[in-house]
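# Survey of secondary and tertiary structure
As a plain string of letters, each chain reads:
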Amino acid sequence: MKKLMACLTAVSLVFSLVGCSNGNGPAVSKPNPGSGSEGSTDTGPSGTLVVATWAGTYQELLQTYLEPVLAETAPNVEVVYATGNDTDHLAKALAEKDGPGTFDVMMIGQLDMPKVTMNDLVMPLDAEKIPNLANVNPAYRDEYFVPQISSGGVLAYNENYVEKPDSWGVFWDPQYKGKIGILETSRHFSLYMCSCMEGAGSDWNQGWNRLLSLKDMDVKVYATNEQLGNAMASGEIWITFGWRARASSWDTEEGEPIANIVPKEGTYPYLSGACIFKNANNPEAAHAFMNALLDPRVQLAFAENMGYAPTVVNCELPQELNDRIGFTEDELSRTKPADAVYIYENDSVWLEKWNKEFIAQ
């Protein structure tokens, strides 16, 4: 079936500068000298904006593509990146909840939003200050969250050794024993996949026995996406799961032929974006930053460089790129949103059980 334009797939999806750390929190990088315009008479937001984000390619893309766009409307804003992981960022935000905050903005996955909303850490967005929100697909809109990039879970496989599957059930096929790999942090999608195989729908707890049976397949567990991708590209493993944005990048001319599909049992979407803390020191600049995240030029840059589809309807991708990272109508019909609150309420139990009963195999 002909691929939809990736920027329209949202209709069916709900889906450093080197930093220094003082040991008490995430690394904070110096502002990009090009992100501010000294002496400007612009009346827009000004001052320093502290963004809690991930280091590496993601931060580099923000600096390269977002900051010039931000400077068009907020030339007097200097962006400072506090790099680290979500756990550390959230712990710091919670510790500072009742006083001045370190962060203005936090980059965060949509499924992690209950961690901030249910702890009353973030402010509602002011749509008048984020005019590009008007272009966000309605299925993605949220009172507290700006959705920046999107993808969806897929089954990835090596075409040299695996006949095209149509089900998550291939993970339990004896002929692939020892050739299946997963991420050490993939408990959510693992439980989802297993509950699908049990016909349990949204009750992921019904998938535990199925998940534990995967140990009989001598599953290899990898610490990072890079390690997992290298294992697929080299032929060390033949089957895994992940976001299509990642899986599509593993299929290179130099490596093994890697294809991916949405199984008949279905999948759920991935959304990542940003929120603004209630105790932000510069909420005006934070809203300007949010608006720049949704600019079609920034959306295109992340699609081209990271493989994540746009979340706005006014960003048109080149056909080849859309074919690689987009979803067909048929695939979208099998893509249903996960319940973020349900995950939040159960995850502490899942994490303990995952580490003790599955990872420590």
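Scroll up a little and you will see the structure.
Anyway, here's the lowdown on the structure attached to this text.

The rules behind the values
Residues numbered from 1 in each chain as written. Predicted model: local features only at pLDDT ≥ 70, side-chain atom pairs only at ≥ 80, totals over all residues. Heavy atoms only, no water. Helix = DSSP H or I, 4+ residues; strand = E, 2+ residues; numbered from the N terminus. Buried < 20%, exposed > 50% of the residue type's maximum accessible area, 1.4 Å probe, protein only. Contact = heavy atoms within 4.5 Å. Axes fitted to C-alpha atoms, helices over the stretch in contact; angles between N-to-C directions. Parallel < 35°, antiparallel > 145°, perpendicular 65-115°, else oblique. Left-handed = near helix turned anticlockwise from the far one by under 90°. Nonpolar A, V, L, I, M, F, W, Y, C, P; charged D, E, K, R; others polar. Polar contact = N/O pair within 3.5 Å; in protein donor to acceptor, adjacent residues only side chain to side chain. Pairing = 2+ DSSP bridges. Right-handed = clockwise from strand over helix to strand, strands pointing away. Phe/Tyr/Trp six-rings, centres within 6.5 Å; stacked < 30°, edge-to-face > 60°. Lys NZ or Arg CZ within 6 Å of the ring centre and 35° of its normal. Expected span 1.5 Å × (residues − 1). Salt bridge = Lys/Arg side-chain N within 4 Å of Asp/Glu carboxyl O. Lys, Arg positive; Asp, Glu negative; His and termini not counted.

## Things to note about the overall build of the protein chain
The secondary structure content of the protein chain amounts to 12 helices and 11 strands. When burial is assessed residue by residue, the protein chain has 52% of its 361 residues classed as buried.

## Considering the side chain of Arg187
Mapping Arg187 onto the fold places it in helix H4 (residues 187-197). Not counting chain neighbours up to four residues away, the residues in contact with Arg187 comprise Asp347, Trp350, Leu351 and Trp354.

## With respect to the packing of helix H1 (residues 57-73) against helix H8 (residues 283-293)
Put simply, H1 and H8 touch, their axes get as near as 9 Å, and they point 115° apart. Between H1 and H8, the angle falls in the class roughly perpendicular. The interaxial crossing formed by H1 with H8 has right-handed handedness. Within the contact between the two elements, H1 uses Leu62, Leu66, Val69 and Leu70 and H8 uses Ala288, Phe289, Ala292 and Leu293. Classifying every residue of the contact of H1 with H8 gives 8 nonpolar, no polar and no charged.

## As for unusual backbone geometry
One non-glycine residue, Asp120, adopts positive backbone phi at about 55°. Tracing the sequence through the fold places Asp120 in the loop between helix H3 (113-117) and strand E5 (146-158). Asp120 gets classed as partly exposed once you look at its relative accessible area, which sits at 41%. A positive phi is found at Asp218, a non-glycine position, where the angle reads about 50°. Relative to the helices and strands, Asp218 is located in the loop between helix H5 (208-213) and strand E7 (220-222).

## As for the environment of Asn260
One can find Asn260 in strand E9 (residues 258-261). What makes Asn260 buried here is its relative accessible area of 18%. With near-sequence residues (within four places) excluded, Asn260 lies in contact with Val154, Leu155, Ala156, Tyr157, Arg244, Ala247 and Ser248. Of the polar contacts made by the side chain of Asn260, one reaches the side chain of Arg244; its length is 2.6 Å.

## Some points on H4
Of all the 11 residues making up H4, 10 are buried; the element is thus mostly covered by neighbouring parts of the structure. Check the buried side of H4 and you find it contacts E5, strand E6 (181-183), H5, strand E8 (239-243) and helix H12 (340-359). Gly199 lies just past H4 and shows a positive phi near 70°.

## Side note on the pairing of strand E3 (residues 76-83)
Regular strands place their side chains on alternate faces of the sheet. For E3, the buried fraction is high: 7 of the 8 residues fall into the buried class. Pairing geometry for strand E2 (residues 46-53) and E3, over 8 bridges, is parallel. Bridge pairing in E3 links Thr53 to Thr83. Of the crossover connections in this fold, the one passing from E2 over H1 to the parallel E3 is right-handed.

## Quick word on the packing of aromatic side chains
By convention here, two paired aromatic rings are described through the distance between centres and the angle between planes. Going through the model one piece at a time under the given rule, you end up with 24 aromatic pairs. Arranged with centres 6.2 Å apart and planes meeting at 85°, the rings of Trp204 and Tyr342 form a pair that is edge-to-face. Residue Trp204 is located in the loop between H4 and H5, and its partner Tyr342 is located in helix H12; the two are separated by 138 residues in the primary sequence. Neither Trp204 nor Tyr342 differs from the other in exposure class; each is buried. If you follow Arg210 out to its NZ or CZ, it ends over the ring of Trp172, 4.8 Å from the centre. Over the ring of Phe327 we find Arg244, and its NZ or CZ is 4.3 Å from the ring centre.

## Describing H1
Working note: α-helix, 3.6 residues per turn, so residues spaced by three or four point in the same direction. Compared with an ideal rise of 1.5 Å per residue, which puts 17 residues at 24 Å, H1 spans 25 Å between its outermost C-alpha atoms and is within 8% of the ideal. All buried positions along H1 are accounted for by Tyr58, Gln59, Leu61, Leu62, Gln63, Leu66, Glu67, Val69 and Leu70. Contact partners of the buried residues in H1: E2, E3, strand E4 (105-109), E5, H8 and helix H9 (296-306).

## Description of the pattern of salt bridges
Under the criterion given, the structure shown has 14 salt bridges. Among the salt bridges present, the one from Asp120 reaches Lys278, with a minimum N-O distance of 2.6 Å. Highlighted residues: Asp120 in the loop between H3 and E5 and Lys278 in the loop between strand E10 (269-276) and H8, separated in sequence by 158 residues. The salt bridge involving Arg324 is made with Glu320; its shortest N-O contact spans 3.6 Å.

## Side note on the side chain of Glu256
The topology assignment puts Glu256 in the loop between helix H7 (244-250) and E9. For the buried Glu256, no salt bridge exists, and the shortest N-O distance to an oppositely charged side chain is 9.6 Å, to Lys179. At 3.2 Å, the side chain of Glu256 and the side chain of Asn158 are in polar contact. Engagement of the side chain of Glu256 in a polar contact is seen with the side chain of Asn160, the distance being 3.0 Å. With near-sequence residues (within four places) excluded, Glu256 lies in contact with Asn158, Asn160, Tyr161, Met232, Ala233, Ser234, Gly235, Trp250 and Asp251.

## Here we look at the packing of H4 against H12
As a packed pair, H4 and H12 sit with axes 10 Å apart at the nearest point and diverge in direction by 95°. Here H4 is positioned roughly perpendicular relative to H12, judged by the angle of their axes. Along its contact with H4, which presents Arg187, His188, Ser190 and Leu191, the element H12 presents Ile343, Asp347, Trp350, Leu351 and Trp354. When its residues are assigned to classes, the contact of H4 with H12 shows 5 nonpolar, 2 polar and 2 charged.

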